Amino acid sequence: MKIGNVQGFDSLRIEPRAPRQTIQEVVYQRLSYALMAGRFDPGQTLTISYLADLFGTSHMPVREALRRLAAEKALQTTPSGSSIVPFVNRAMLDDLCDARCVVEGHAAARAIDKIDPPLLRTLEHNLADHAAAGAEEQIETMLQKNQEFHFLIYGASGSETMLQLIEALWLRFGPYLRMLSKHLKTHGGNKAEYTEHHRDMILAIRARDADALRAHIVADIDATRELLRTLCPAD
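Scope of this entry: the structure provided in the associated data block.

### Quick notes on the sheet that holds strand 3 (residues 83-84)
Taken in spatial order, the three strands of this open sheet run 1-3-2, and their pairing is antiparallel. In this open sheet, the two strands that pair with only one neighbour each are strand 1 (45-46) and strand 2 (76-77). Relative to strand 3, strand 1 is paired through two bridges, and the arrangement is antiparallel. If you follow Thr45 over to strand 3, its bridge partner there is Ile84.

Given below as C-alpha cells:
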C-alpha cells in the first residue's frame with residue numbers, strides 16, 4: 001500500500017484506474033486509507049453490501065479487501081462472518097505506541113541524510129498546511145497532513161520493509177485516530193500543540209541530527225498516547 005498514491009475517503013468510489021492496477025487492489029488501498037485515517041468508529045460493522053455501494057463496485061473485490069485487512073489485524077471477523085473495526089483499550093494503545101516509537105523512530109533516523117532540500121521544502125509546506133488546518137478547526141485535514149508529514153519522512157528511509165511495518169501499525173491505530181478526531185471536534189483545545197513536534201523535527205532535519213529527530217518522533221507519538229489514554233476505556 002502506497003500512502004501517497006491513495007485518494008481520500010471522499011473519493012472512495014471507483015473511477016478509471018491506473019494501468020496494471022486491479023479493482024481489488026484499488027478497493028483494498030482506499031479502504032486501508034479510510035481505516036488508517038480513522039474514518040470508522042471502533043466496533044463499527046462494515047458489511048460487504050455497504051462497502052460495495054460506497055465503492056460502486058461488486059461484492060467480490062470488497063470481500064477480498066476485508067479478508068486481507070482481517071489477516072493484517074486491521075479488522076476483526078465475528079462468528080457470523082461480519083467485519084468490524086477493532087475496539088480500543090489502553091493496553092493495546094500502549095502496545096501499538098511502543099511499537100510505533102521503535103520502528104518509526106528508527107526509520108526517521110535512517111532517513112535524515114536522505115532528506116534533500118526539495119523534500120525539506122515539502123515538509124515545511126506541509127507543516128504550514130497542518131497549522132492552518134488546526135487554526136481553522138479542519139480536523140480531518142489536520143490529521144491527514146499529520147499522516148503525510150510522517151510518511152514523507154519514513155518514505156525517505158529507503159526501507160520498504162520498515163515502511164510496510166509502519167503502515168500496518170497505522171492501520172491498527174486507525175480506531176484511536178477516530179477517537180482523537182471526535183475529541184478534538186467536541187472539546188477543541190490548542191491545536192498549535194500538534195505542530196510543535198513537527199517544527200522540532202524540521203529543526204533536527206536541518207541540523208542533520210538523527211538522535212534529535214528520533215526523539216521528536218517518539219515525543220510526538222507519546223503526546224498523542226497520553227491524550228488517548230484519558231479517552232480509552234479501561235482494559
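Additional details are given in the paragraphs that follow.
### Focus on the state of the cysteines
All told, the structure shown has zero disulfides when counted by the stated rule. For Cys101, which is in no disulfide, the shortest distance to another cysteine sulfur is to Cys97 and amounts to 6.5 Å. Lacking any disulfide linkage, Cys232 is separated from the closest cysteine sulfur, that of Cys97, by 9.0 Å. The buried category is assigned to Cys232, whose relative accessible area is 4%.

### Points about the packing of aromatic side chains
A complete count under the given rule lists three aromatic pairs for this structure. Each ring, one from Phe151 and one from Trp170, has its centre 5.2 Å from the other, and the planes form 70 degrees; the classification is edge-to-face. Of the two residues, Phe151 sits in helix 6 (residues 139-155) while Trp170 sits in helix 7 (residues 160-187), which places them 19 residues apart along the sequence. With respect to burial, Phe151 and Trp170 carry one shared label: buried. Both rings, one in Phe173 and one in Tyr176, keep their centres 5.5 Å apart while their planes meet at 25 degrees; by these two values the pair is stacked. Of this pair, Phe173 and Tyr176 both sit in helix 7, three residues apart, which is roughly one turn of the helix.

### A few points about the pattern of salt bridges
Taken as a whole and judged by the stated rule, the model has 13 salt bridges. One salt bridge in this structure joins Glu140 and Lys185, with 2.3 Å as the shortest N-O distance. Here Lys185 lies in helix 7 and Glu140 lies in helix 6, a separation of 45 residues in the sequence. Given a relative accessible area of 47%, Lys185 falls into the partly exposed group.

### Comments concerning unusual backbone geometry
Although it is not a glycine, Lys73 sits at a positive phi angle of roughly 65 degrees. Relative to the helices and strands, Lys73 is located in the loop between helix 3 (59-71) and strand 2. For Lys73, a relative accessible area of 54% translates into the label exposed. Unlike most non-glycine residues, Glu137 shows phi in positive territory, near 60 degrees.

Criteria and cut-off values
Residues numbered from 1 in each chain as written. Predicted model: local features only at pLDDT ≥ 70, side-chain atom pairs only at ≥ 80, totals over all residues. Heavy atoms only, no water. Pairing = 2+ DSSP bridges. Helix = DSSP H or I, 4+ residues; strand = E, 2+ residues; numbered from the N terminus. Disulfide = S-S within 2.5 Å. Buried < 20%, exposed > 50% of the residue type's maximum accessible area, 1.4 Å probe, protein only. Phe/Tyr/Trp six-rings, centres within 6.5 Å; stacked < 30°, edge-to-face > 60°. Salt bridge = Lys/Arg side-chain N within 4 Å of Asp/Glu carboxyl O.

So yeah, pure geometry; function would need other evidence.
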